[in-house]
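Here are the chains, one letter per residue:
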Amino acid sequence: MSTNTKLPSGFFFGFATAAYQIEGSPTALGKTPSIWDTFTHERAPNGKHHIKDGSSGDVSTDSFNRWAQDIALLKSYGANSYRFSLAWTRVVDFRPNAQKTLYHWDLPQALQDRYGGWLDRRIVDDFVHYARICFEAFGDLVAHWITLNEPWCVATHGYAHGISAPGRSSDREKSTEGNTSTEPWIVGHNLILSHAYAVQLYKQQFAASQGGSIGITLNSGWYIPWDESPDCVEAAKRALDTCLGWFADPIYKGYYPSRMKAMLGDRLPEFSPDDVEVVKGSSDFFGLNAYSASLCQLGGDDETNGKVKMGYVRPDGTELGNQASVPWIQDYPEGFRSLLTFVWKTYGKPIYITENGFAAKSDALPLEQALHDTDRINYFRGYTRALTEAVLEDGADIRSYLAWSLIDNFEWADGYTTRFGVTYVDYETQKRYPKDSANFISQVRFFFSMNSSIHTSDIAALVA
Ligand code: GBH
């Protein structure tokens, strides 16, 4: 393997957002509800709102109307790329007597009602149909298609933990329906097939004339044995196989990880030989959303984590890193480098970092103080440095770094109580205010663009 001496000259540096989290305008131009429109407005059986602050994406940052302001921000931060999502329910018209089509991404409620959405293999044809419309309409403009964002989250949060739409779970406090022991794996299987058959369509009918590439974005932490015992080493492997491997192994290698088969037995669906043909190798690149790392011990009964207990406190009592305002992120850049290098060595495809970011405690302070988001800057400093080390020292082929997120937005089950933006949004006025981290990211971008002589120390030396 040759070791790169510089970041690739076409390196993409920018930000990511998602349609439901920023657009608002849930009924504009004939848009029908997605499962997130439903989930944010209904109540769990225990009477509780699914979203912490009882909010929804009905207005959010109003980017359906204010998109020009957002693009202006993006430009002012020096970004050369932007990852956004299409809204499925804006593209395909699910009204009877459909008349006009535009954009979106979240599962149309109509398909949830018709056959249970991702639980039914019929979703594959509907997804491919949606993909075809997008390839036909936008394909000339798109260099990189991502089929699905984070299938692990769709399957586990939506069908086991009940914290994401459609909110199914065996926990009857949370949901009247759902079976945590089977549904996540059925949903995961149909997600993989939907992705793969959409890619097949693109390759067969669009790739040659449109010249784009197509792949998937997976999320994963980096899983570290809590101590050096064989049990902890096994725990870390199982956690990785159950998160990353669940989707990456079929897509890049053609089969599910053996640890998952051992854990789930015949609850893990099988690919037919015809499906394997389509699934194996169905991604031109490796899209990766990475935020955190955890220390692993065997134990617990959550199969979506591989029955692994995860934490941040080392045997000597020290913490892995600085705690975000959300429980699932600590700032541990070494873990990011390890994950990148692992993905490169294991799957061998160009890696696109499609999300990386931090929810800072300072975001909850009044505006003046919230703009000084030092913890987020420290996080970005460490993670961008780790990325350059993975490229320059470990030889990984990494082609993008997209920070999550351009602006504060609707943070799924956390509503508006959690902010990930480098831009502060005042939800009363919809005014946008760049945080210090926006300035920091612009500086990192400047270093990345001087692609001839980046030293990892350059990034470490950047001041906010
Ligand atoms: C990304 O998911 C999403 O793609 C993006 O839309 C989102 O805004 C961003 O993260 C920030 O959250 O510990 O039970 O509360 C990252 C993957 C999502 C996985 C949250 C862990 C924790 C749920 N993570 N999940 S819980």
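Residues numbered from 1 in each chain as written. Predicted model: local features only at pLDDT ≥ 70, side-chain atom pairs only at ≥ 80, totals over all residues. Heavy atoms only, no water.

Observations regarding the overall build of the protein chain
When helices and strands are tallied, the protein chain shows 17 helices and 14 strands. Expected size for 464 residues packed as a compact globule is a radius of gyration near 23 Å; at 21 Å, the protein chain falls within 12% of this value. The principal-axis extents of the C-alpha atoms in the protein chain amount to approximately 60 × 55 × 50 Å. Across the 464 residues of the protein chain, 59% fall into the buried class. For the protein chain, the share of sequence-separated contacts (at least 6 apart) that also reach a separation of at least 24 residues comes to 71%. A distance of 3 Å separates the average location of the 42 positive side-chain charges in the protein chain from that of its 55 negative side-chain charges. (Helix = DSSP H or I, 4+ residues; strand = E, 2+ residues; numbered from the N terminus. Rg over C-alpha atoms; globule rule 2.2 N^0.38 Å. Buried < 20%, exposed > 50% of the residue type's maximum accessible area, 1.4 Å probe, protein only. Contact = heavy atoms within 4.5 Å. Lys, Arg positive; Asp, Glu negative; His and termini not counted. Charge placed at Lys NZ, Arg CZ, Asp CG, Glu CD.)

Brief notes about the packing of helix H7 (residues 151-159) against helix H8 (residues 183-205)
Here H7 crosses H8 at 150 degrees, and the two axes come no closer than 9 Å. Considered as vectors, H7 and H8 are oriented roughly antiparallel to each other. Read as a crossing pair, H7 and H8 show a hand that is right-handed. From H7, Pro151, Val154, Ala155 and Tyr159 reach across to H8, where they touch Glu183, Pro184, Val187, Gly188 and Leu191. Split into classes, the residues belonging to the contact of H7 with H8 amount to seven nonpolar, one polar and one charged. (Axes fitted to C-alpha atoms, helices over the stretch in contact; angles between N-to-C directions. Parallel < 35°, antiparallel > 145°, perpendicular 65-115°, else oblique. Left-handed = near helix turned anticlockwise from the far one by under 90°. Nonpolar A, V, L, I, M, F, W, Y, C, P; charged D, E, K, R; others polar.)

Observations concerning the UniProt feature "active site" (unreviewed entry) in the protein chain
UniProt's feature table lists "active site" (unreviewed entry) at Glu355, given in the numbering used throughout. Relative to the assigned elements, glutamate 355 resides in strand S11 (residues 351-355). Of the residues examined, glutamate 355 reaches a relative accessible area of 7% and is grouped as buried. Those residues in contact with glutamate 355 that lie beyond four places of it in its chain are Ala16, Arg83, Asn149, Glu150, Leu288, Asn289, Ala290, Tyr291, Leu402 and Trp404. Here arginine 83 takes part through its side chain, which lies 3.0 Å from a polar atom of the side chain of glutamate 355. (UniProt positions renumbered as here; feature names shortened; annotations may be inferred. Polar contact = N/O pair within 3.5 Å; in protein donor to acceptor, adjacent residues only side chain to side chain.)

What to know about the pattern of salt bridges
Under the definition given, this model contains 25 salt bridges. Across the pair arginine 385 and glutamate 389 runs a salt bridge whose closest N-O atoms are separated by 3.2 Å. A residue pair is termed a helical-turn pair when its members lie 3 or 4 positions apart in one helix, as arginine 385 and glutamate 389 do in helix H15 (residues 374-392) at four residues. Its relative accessible area of 30% is what places arginine 385 among the partly exposed residues. (Salt bridge = Lys/Arg side-chain N within 4 Å of Asp/Glu carboxyl O.)

Description of unusual backbone geometry
Omega for the peptide link from alanine 165 to proline 166 comes to 5 degrees, which places this bond in the cis form. Structurally, proline 166 can be placed in the loop between H7 and H8. Note the cis peptide between tryptophan 404 and serine 405, where omega equals 5 degrees. Considering the arrangement of structural elements, one finds serine 405 in the loop between strand S12 (398-404) and strand S13 (423-426). Positive phi outside glycine occurs at serine 25, with the angle close to 50 degrees. Its identity as a non-glycine residue notwithstanding, serine 60 has a phi of 45 degrees, on the positive side.

What about the pairing of S11?
The buried count for S11 comes to five of five residues, which makes it a mostly enclosed element. When S11 meets S12, the two strands line up parallel, connected through three bridges. Its bridge partner lying in S12, isoleucine 353 is registered against tyrosine 401. (Pairing = 2+ DSSP bridges.)

Observations concerning the site of the ligand
Lining the immediate environment of the ligand, one finds 14 residues, of which Gln21, Glu150, Glu355, Glu411 and Trp412 sit closest. In this structure, glutamate 150 approaches the ligand through a side-chain N or O atom, which is 2.8 Å from an oxygen atom. One of the side-chain nitrogen or oxygen atoms of tyrosine 291 is found 3.3 Å away from an oxygen atom of the ligand. Out of a free accessible area of 580 Å², the ligand has 76% covered by protein chains. Of the residues assigned to the shell around the ligand, the class counts are seven nonpolar, four polar and three charged. (Near = heavy atom within 4 Å. Areas by Shrake-Rupley, 256 points an atom, 1.4 Å probe, with all protein chains shown as cover.)

Things to note about the packing of aromatic side chains
Within this structure, the stated rule accounts for 37 aromatic pairs. Ring centres 5.0 Å apart and planes at 25 degrees place the aromatic pair tyrosine 256 and phenylalanine 271 in the stacked group. Of the two residues, tyrosine 256 sits in the loop between helix H10 (230-253) and helix H11 (258-264) while phenylalanine 271 sits in the loop between H11 and helix H12 (273-279), which places them 15 residues apart along the sequence. Neither tyrosine 256 nor phenylalanine 271 differs from the other in exposure class; each is buried. Each residue in the set Tyr20, Trp36, Phe39, Phe410, Trp412, Tyr416 and Tyr427 is aromatic and connected to the rest through ring pairs, giving one cluster. The ring of tyrosine 424 carries the charged tip of arginine 419 above its face, separated from the ring centre by 4.0 Å. (Phe/Tyr/Trp six-rings, centres within 6.5 Å; stacked < 30°, edge-to-face > 60°. Lys NZ or Arg CZ within 6 Å of the ring centre and 35° of its normal.)

Looking at the sheet that holds strand S3 (residues 144-149)
Whether parallel or antiparallel, the strands of a sheet pair through hydrogen bonds between backbone atoms. Taking strand neighbours across the sheet as the criterion, the seven strands line up as S2-S1-S12-S11-S6-S4-S3 in an open arrangement whose pairing is parallel. In this open sheet, the two edge strands, each paired with only one partner strand, are strand S2 (81-83) and S3. This sheet shows a mean twist of 30 degrees between the axes of neighbouring strands, independent of strand direction. Here five bridges tie strand S1 (residues 12-16) to S12, and the two strands are oriented parallel to one another. From the neighbouring strand, phenylalanine 12 faces S12, where its bridge partner is serine 400. H10 contacts strand S4 (213-219) and strand S6 (286-289) of the sheet and is inclined by roughly 160 degrees relative to S4.

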